[in-house]
Amino acid sequence: MASTADISRGLIIKLDGSLYKVVEYGENKTARAAAKVWAKLTGVDNNRTIEKTWNSGETIHPVRVERRDYQYLYQDDAGYNFMDNESFEQIAVAEALVDAPKFLTEGMVCSVLVNTETELPMSVELPDKVVSKITYSEPGMKGDTATRTLKPATIETGAQVMVPLFVNEGDTIRINTKTGEYVERVKD
């Protein structure tokens, strides 16, 4: 058990039978009334976003979560399959729980948030940046580096990324998985 004084960004709490992650929080103090604590919460096991207000000092139910490294293996009817590199145990995770499934490549090591009470995976986070090869892109012109004009390119996983005009088919690029944007061209 914890109180509202323990609320922090990223904390996962149990509320009305569901799990929520604290995105934002604050405290409202007035001269006449008791202090109140508010939080903006996003659902971990559902797609809801809610705001909740508590009286200062009320109890909340935090959930203990561990971050474990798992290696991505393949996708099938059960979902995305990952393997623990230490115990070689495999788990299947639904697509809704994967951060950016379009950038997953075989053998990639990802962080899986696991609820320690139930040992069930809650979400899968890819590395911040991934390196991928462009499989299709319209040819660029030499000298097209002055402007920030972008063109679509398809990478190995089949995802489309907007890249600068000077990037060509066969080039290797680094992509930000959180935003899906091109970061830089990688030299082989």
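This is a predicted model, so every value here is computed, not measured.

## Describing the UniProt feature "domain: Translation elongation factor P/YeiP central" (unreviewed entry) in the protein chain
Step number 1: In the numbering used here, UniProt assigns the feature "domain: Translation elongation factor P/YeiP central" (unreviewed entry) to residues 67-120.
Step number 2: Taken end to end, residues 67-120 is 0% helix and 52% strand, and its two terminal C-alpha atoms sit 12 Å from one another.

## Concerning the confidence of the model for the protein chain
Step number 1: Considering every residue of the protein chain, the mean pLDDT works out to 87; 95% of them sit at 70 or more.
Step number 2: The secondary structure element of the protein chain with the lowest average pLDDT is strand S1 (residues 2-3), at 85, and the one with the highest is strand S15 (residues 172-176), at 93.

## Topic: the sheet that holds strand S4 (residues 36-43)
Step number 1: Judged by pairing direction, the sheet is antiparallel, and its six strands sit side by side in the order S1-S6-S2-S3-S4-S5 without closing on themselves. Among the strands making up the open sheet, the edge pair consists of S1 and strand S5 (49-55).
Step number 2: In this structure, S1 lies alongside strand S6 (residues 59-62), joined through two bridges in antiparallel fashion. What sits directly across from Ala2, in S6, is Ile60.

## Describing the packing of aromatic side chains
Step number 1: The tally for this structure, following the rule as stated, stands at two aromatic pairs.
Step number 2: Ring geometry for Tyr72 against Tyr80: centres 6.0 Å apart, planes inclined by 45°, an arrangement best described as tilted. Across this residue pair, the class does not change: Tyr72 and Tyr80 are buried.
Step number 3: Taken together through their ring pairs, the aromatic side chains of Tyr72, Tyr80 and Phe82 make up a single cluster.

## As for the nonpolar core
Step number 1: If you look at the biggest cluster of nonpolar residues, it comprises 27 residues, and the most contacted ones within it are Phe82, Phe103, Leu104, Leu126, Val163 and Ile173.
Step number 2: Those elements that place two or more of their residues in this core are strand S7 (65-76), strand S8 (79-84), strand S9 (90-93), strand S10 (109-115), strand S12 (129-137), strand S13 (150-155), strand S14 (160-164) and S15.
Step number 3: With three residues, S10 is the single largest residue contributor to this core.
Step number 4: If sequence neighbours within four positions are ignored, Leu104 has contacts with Tyr72, Tyr80, Phe82, Val98, Cys110, Leu126 and Thr157.
Step number 5: Ranked by size, the runner-up nonpolar core spans 13 residues in total, among them Leu15, Val37, Ala39 and Ile60.

## Quick word on the environment of Glu58
Step number 1: Looking at the secondary structure, you find Glu58 in the loop between S5 and S6.
Step number 2: Through-space distance from the C-alpha of Glu58 to that of Pro152 is 51 Å; in sequence the pair is 94 residues apart.
Step number 3: Not counting residues within four places of it along the chain, the set of residues in contact with Glu58 comprises Ala2, Ser3 and Thr4.
Step number 4: Here Asn55 takes part through its backbone nitrogen, which lies 2.8 Å from a polar atom of the side chain of Glu58.

Rules and cut-offs
- Residues numbered from 1 in each chain as written.
- Predicted model: local features only at pLDDT ≥ 70, side-chain atom pairs only at ≥ 80, totals over all residues.
- Heavy atoms only, no water.
- UniProt positions renumbered as here; feature names shortened; annotations may be inferred.
- Helix = DSSP H or I, 4+ residues; strand = E, 2+ residues; numbered from the N terminus.
- pLDDT = per-residue confidence, 0-100.
- Pairing = 2+ DSSP bridges.
- Phe/Tyr/Trp six-rings, centres within 6.5 Å; stacked < 30°, edge-to-face > 60°.
- Buried < 20%, exposed > 50% of the residue type's maximum accessible area, 1.4 Å probe, protein only.
- Core = buried A, V, L, I, M, F, W, Y, C linked by side-chain atoms within 4.5 Å.
- Contact = heavy atoms within 4.5 Å.
- Polar contact = N/O pair within 3.5 Å; in protein donor to acceptor, adjacent residues only side chain to side chain.

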